[in-house]
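# Structure at a glance
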Amino acid sequence: MTRLRRSFGAPLAALIVLLTGIWVLGLIAAPQVIMIEQSLWKMDRPAGAAELSVQIDRLYNRLDMLALDRAAARTLSTPSATDAKLAQIDAERAAVAAEIADLETRESTPVRTWTLTNYAQMGQAHLRIFAKTILAALAVTAIAFAVCYPIAFAIAKLEPPRRAALIMLALVIPYAINELLRVFAWQMILNYGGPLNAALGLLGIGPVPFLESGSGVFVAMVYAYILFMVFPLYNVLETLDMNQIEAARDLGAKTWQIHRRIVLPHARPGIAVGCIMTFMLSAGSYSVPYIMTRGTAAPWFAQLVYNRFFQASDWNVGAAYAVSLLAVCTGFVFLMMRLLKVRLRDIAK
């Protein structure tokens, strides 16, 4: 705070701290805390609900009897006796009606019970989908790294730099189009009647069921999230001193040795950031697997979370599913940091 105040002045430093606090607490921490809290309770019918129903039925019968008594009271001989009897019956009816209203409120008002049973709702079928989603996200991350690493290395070391800027611009321009439109475009490309199967047909191959087999999901996801892998790798590899590579070549190192001993260790922060972002986006993707499989294949876990929230209207179980996915993604972050031996400070750079 002192350094901020010295650099920007007290008013601007206070504004920066305020906006940072709103971002961290209001947009990051608060939604996660609310989701965790929602996953730890459920609404149950109150204890003794059956007994309450019996009491309510008995009181309704009592109201019917009082209505008959009120009709009979009108036949009394004197007006004063009739009025006194009607007043007594009306008072009793009001008391019975108030008791019925109280019991019905108690019967219909659910009780919040703190429990972990929401997490136990994930049966074997949903656990398989969860495991399949995590493995698929890992596969997407690995494919994206295999595709993006040589691209990022080539762009980072291009001469002159203007050529690298043009290639990066060519990568960015397609992202000006809405993601859904790009995914639908890949669906048409990989469809039975699409241009890819038409080209394979000329070679006597196919038609290949890209969409039905699920391979189309991997293609669309790698394409959708390629920038999140390329940019971190490019930013790190751009700082690599080419003299180290030249020295390794002069000492007789082969290309794969140069990358294993020099380039990859230098690129560890970028690899960590790219893998974390790609994995988290893939694991939480809803639209890409749904569109690419036309909703006919087994759902990804994000679709189950959506169904729990909006189709089953079970927000507590949906929150438990979402927290489970969040826990795995958080674990993946720390795993990548440990495997690549990077710190949060390295990732932030």
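Only a predicted model underlies this, so the values are computations on that prediction, with no experimental measurement involved.

## Quick word on the overall build of the protein chain
Helix and strand content of the protein chain: 19 helices and 2 strands. Expected size for 349 residues packed as a compact globule is a radius of gyration near 20 Å; at 33 Å, the protein chain overshoots this value by more than 25%. For the protein chain, the spread of C-alpha atoms along the three principal axes comes to 125 × 70 × 35 Å. Across the 349 residues of the protein chain, 33% fall into the buried class. A separation of at least 24 residues holds for 74% of the contacts in the protein chain among residues at least 6 apart in sequence. Roughly 20800 Å² of accessible area belongs to the protein chain as shown, and the carbon and sulfur atoms make up 65% of that amount. Of note, the protein chain has its 31 positive side-chain charges centred 16 Å away from the centre of its 22 negative side-chain charges.

## Remarks on helix 17 (residues 301-311)
Every buried residue of helix 17 is accounted for by Phe301, Ala302, Gln303, Leu304, Val305 and Phe309. Where helix 17 is buried, its residues contact helix 2 (10-39), helix 6 (124-156), helix 15 (268-283), helix 16 (287-292) and helix 18 (315-340). Remark: Ser313 follows helix 17 within two positions and exhibits a positive phi of approximately 55°.

## Quick look at the packing of helix 15 against helix 18
The contact between helix 15 and helix 18 brings their axes to 10 Å, and the two run at 165°. On the basis of their axis angle, the class for helix 15 and helix 18 is roughly antiparallel. The way helix 15 lies across helix 18 gives a crossing that is right-handed. For the pair helix 15 and helix 18, the contacting residues are Arg268, Ile271, Ala272, Cys275, Ile276, Phe279, Met280 and Ala283 in the first and Leu325, Val328, Cys329, Phe332, Val333, Met336 and Leu340 in the second. Its residues assigned to classes, the contact of helix 15 with helix 18 comprises 14 nonpolar, no polar and 1 charged.

Analysis parameters
- Residues numbered from 1 in each chain as written.
- Predicted model: local features only at pLDDT ≥ 70, side-chain atom pairs only at ≥ 80, totals over all residues.
- Heavy atoms only, no water.
- Helix = DSSP H or I, 4+ residues; strand = E, 2+ residues; numbered from the N terminus.
- Rg over C-alpha atoms; globule rule 2.2 N^0.38 Å.
- Buried < 20%, exposed > 50% of the residue type's maximum accessible area, 1.4 Å probe, protein only.
- Contact = heavy atoms within 4.5 Å.
- Areas by Shrake-Rupley, 256 points an atom, 1.4 Å probe, with all protein chains shown as cover.
- Lys, Arg positive; Asp, Glu negative; His and termini not counted.
- Charge placed at Lys NZ, Arg CZ, Asp CG, Glu CD.
- Axes fitted to C-alpha atoms, helices over the stretch in contact; angles between N-to-C directions.
- Parallel < 35°, antiparallel > 145°, perpendicular 65-115°, else oblique.
- Left-handed = near helix turned anticlockwise from the far one by under 90°.
- Nonpolar A, V, L, I, M, F, W, Y, C, P; charged D, E, K, R; others polar.

It is worth stressing that arrangement in space is one thing and function is another; only the former is reported here.
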